[in-house]
Amino acid sequence: MRYTECRLEALTEAMLLADLDQNTVDFVPNFDNSQKEPSLLPARLPTILLNGSSGIAVGMATNIPPHNLGELVDVLCALIYNPNATLQELLEYMPGPDFPTGGLIMGNLG
């Protein structure tokens, strides 16, 4: 519930919560079974690619760099028009991450 009850900016609310009332996701009981909460948020944009993520957990780690919003939208539009687009076709729209503080990509294999 902490996600749906927090005060969000209008853009964030439109991006994450806009379609909750249209049965777009399953609702599950909360921790004490007193209310229902969405099992996930129906984001209109893959925020994990937009914002990036970095962290560790038990037996796993992630380090996803942020990507440019315009390029991400271009890739999503390309996928809407061609769901079977290849990686090479998508890389024409989004060639790589967008490091806000600068960065170098060393190699492109693996």
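Residues numbered from 1 in each chain as written. Predicted model: local features only at pLDDT ≥ 70, side-chain atom pairs only at ≥ 80, totals over all residues. Heavy atoms only, no water.

J.: Quick question: what am I supposed to make of the overall build of the protein chain here?
T.: Of regular secondary structure, the protein chain possesses five helices and four strands. Reading the protein chain from its N terminus to its C terminus gives the helix and strand order α-α-β-β-α-β-β-α-α. Taken against the 2.2 N^0.38 rule, which gives 13 Å for 110 residues, the C-alpha radius of gyration of the protein chain at 17 Å runs more than 25% over that of a compact globule. Residues counted as buried form 18% of the 110 residues belonging to the protein chain. A sequence separation of at least 24 residues applies to 38% of the contacts in the protein chain between residues at least 6 apart. One finds the centroid of the 4 positive side-chain charges in the protein chain at a distance of 12 Å from the centroid of its 13 negative side-chain charges. (Helix = DSSP H or I, 4+ residues; strand = E, 2+ residues; numbered from the N terminus. Rg over C-alpha atoms; globule rule 2.2 N^0.38 Å. Buried < 20%, exposed > 50% of the residue type's maximum accessible area, 1.4 Å probe, protein only. Contact = heavy atoms within 4.5 Å. Lys, Arg positive; Asp, Glu negative; His and termini not counted. Charge placed at Lys NZ, Arg CZ, Asp CG, Glu CD.)

J.: Explain the layout of surface pockets here, please?
T.: If a probe the size of a water molecule is rolled over the atoms, the empty space left behind becomes visible. What the largest pocket holds in volume is close to 410 Å³. Leu 91, Pro 95, Gly 96, Pro 97 and Asn 108 are, among the 16 residues lining the largest pocket, the residues nearest its centre. Take the lining of the largest pocket: its biggest share by element is three residues, from helix H5 (residues 87–91). Class assignment of the residues belonging to the lining of the largest pocket gives a composition of 11 nonpolar, five polar and no charged. (1 Å grid on protein atoms, 1.4 Å probe; cavity = no way out; pocket = protein on both sides within 12 Å on 5 of 7 lines; lining within 4 Å. Points joined across faces, edges and corners; volume = space filled by probe spheres on them. Nonpolar A, V, L, I, M, F, W, Y, C, P; charged D, E, K, R; others polar.)

J.: Could you clarify how one ought to interpret the environment of Met 60 in this entry?
T.: Within the secondary structure, Met 60 sits in strand E4 (residues 60–64). For Met 60, a relative accessible area of 58% corresponds to the exposed category. For the pair Met 60 and Asp 26, spaced 34 residues apart in sequence, the C-alpha separation works out to 27 Å.

Limitation: the analysis is restricted to geometry and does not speak to function.
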